[in-house]
Amino acid sequence: MMDLLQLMKTRRSVRAYLPQPVEAEHLNHILAAAQSAPTACNRQPLRLIVIQSAEGLQKVGKAAQLYGAPLAILVCADRDRVWKRPFDDMTAAHIDASIATDHMMLSAAELGLGSVWICFFKPDVIREEFALPENLEPVNLLVIGHPDPSAAPQGDPSRRPLEELVSYETL
């Protein structure tokens, strides 16, 4: 097994999948990774909707491109549970949901599965198709599956140098 930094450096977005389903033990491992994600003040405002059926994937497909993945996880934030910063009322909803999404994405990569994090989706369609109550905000979709080995890798692996990202003590 590779170390975490190596895993982060080599993971890529996958936009082509084999039709085989994700094994139940792999899905449970991925969901446990989301459950372990830190949240602001440990409020744990996440709701995850696992979508694997043809009917469910078709519903998601009305709102987003799924790239043929056999599994989608809709990451929602519960506005009734989320922590709010008292100085300006900024909520941690998107932060908490994104940390959990990242944990799941890295967990999938650890298992040899591919994934792509999707924010380009129609939230109103998702809300309607899954009858989400008003307090649940759909934040992210993560699609997961066995990568199609014949598809070209996606994404530019280059990164800006640390010197462009980091400063010490002052900007």
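Figured I'd write up the structure that's included with this text. The structure displayed is predicted, hence computed values, not measured ones.

The next point concerns the overall build of the protein. Along the protein, the regular secondary structure elements total 6 helices and 4 strands. Ordering the α and β elements of the protein from the N terminus gives α-α-β-α-β-α-β-α-β-α. Taking 16 Å as the expected radius of gyration for a compact globule of 171 residues, we find that the protein reaches 17 Å, a close match to that expectation. Seen through its principal axes, the protein has C-alpha atoms that stretch 50 × 45 × 25 Å. Counting only residues that meet the buried cut, the protein has 40% of its 171 residues in that class. Here the protein displays about 10300 Å² of accessible surface, and carbon together with sulfur accounts for 54% of that area. Computed over 16 positive and 21 negative side-chain charges, the separation of the two mean positions in the protein equals 3 Å.

What follows concerns the packing of helix α2 (residues 24–35) against helix α4 (residues 93–110). Look at α2 against α4: their axes get within 8 Å of each other, and the N-to-C directions meet at 150°. Helix-helix and strand crossings are classified by hand; for α2 and α4 the assignment is right-handed. Contacts between α2 and α4 pair His29, Ile30, Leu31, Ala33 and Ala34 from the former with Ala100, His103, Met104, Ser107, Ala108 and Glu110 from the latter. Here the contact of α2 with α4 is composed, by residue class, of 7 nonpolar, 3 polar and 1 charged.

Turning our eyes to something else, we now look at the sheet that holds strand β1 (residues 46–51). Taking strand neighbours across the sheet as the criterion, the 4 strands line up as β1-β2-β4-β3 in an open arrangement whose pairing is antiparallel. Looking at strand neighbours, the two that pair on one side only are β1 and β3 (114–118), the edges of this open sheet. The average angle at which neighbouring strand axes cross in this sheet is 20°, direction not considered. Its contacts with the sheet place α2 against β1, β2 (71–78) and β4 (136–145), and it is angled at close to 165° to β1.

A few words on the pattern of salt bridges. Throughout the structure, instances matching the rule amount to 4 salt bridges. Across the pair Lys62 and Glu129 runs a salt bridge whose closest N-O atoms are separated by 3.2 Å. Here Glu129 lies in helix α5 (residues 123–129) and Lys62 lies in the loop between α3 (54–61) and β2, a separation of 67 residues in the sequence. Assessed through its relative accessible area of 48%, Lys62 is described here as partly exposed. In this structure, Arg79 and Glu137 form a salt bridge, with 3.7 Å as the shortest nitrogen-oxygen distance.

For the structure on display, the rule yields 0 aromatic pairs. Looking at Arg15, its charged tip hangs above the ring of Tyr67, at a distance of 5.8 Å from the centre. Taking the ring centre of Phe130 as reference, the NZ or CZ of Lys59 above it sits at 5.4 Å.

Counting residues in each nonpolar core, the largest one holds 23 residues, and the members touching the most others are Ile30, Ile73, Met104 and Ile144. When residues of this core are traced back to their parent elements, those giving at least two are α2, β2, α4 and β4. Top contributing element to this core by residue count: α4, with 6 residues. When near neighbours in sequence (up to four residues on either side) are disregarded, Ile30 contacts Ile73, Met104, Ser107, Ala108, Leu111, Leu113 and Ile144. Membership of the second largest hydrophobic core comes to 22 residues, among which are Ile51, Ala63, Leu74 and Val143.

Conventions used here
- Residues numbered from 1 in each chain as written.
- Predicted model: local features only at pLDDT ≥ 70, side-chain atom pairs only at ≥ 80, totals over all residues.
- Heavy atoms only, no water.
- Helix = DSSP H or I, 4+ residues; strand = E, 2+ residues; numbered from the N terminus.
- Rg over C-alpha atoms; globule rule 2.2 N^0.38 Å.
- Buried < 20%, exposed > 50% of the residue type's maximum accessible area, 1.4 Å probe, protein only.
- Areas by Shrake-Rupley, 256 points an atom, 1.4 Å probe, with all protein chains shown as cover.
- Lys, Arg positive; Asp, Glu negative; His and termini not counted.
- Charge placed at Lys NZ, Arg CZ, Asp CG, Glu CD.
- Axes fitted to C-alpha atoms, helices over the stretch in contact; angles between N-to-C directions.
- Left-handed = near helix turned anticlockwise from the far one by under 90°.
- Contact = heavy atoms within 4.5 Å.
- Nonpolar A, V, L, I, M, F, W, Y, C, P; charged D, E, K, R; others polar.
- Pairing = 2+ DSSP bridges.
- Salt bridge = Lys/Arg side-chain N within 4 Å of Asp/Glu carboxyl O.
- Phe/Tyr/Trp six-rings, centres within 6.5 Å; stacked < 30°, edge-to-face > 60°.
- Lys NZ or Arg CZ within 6 Å of the ring centre and 35° of its normal.
- Core = buried A, V, L, I, M, F, W, Y, C linked by side-chain atoms within 4.5 Å.

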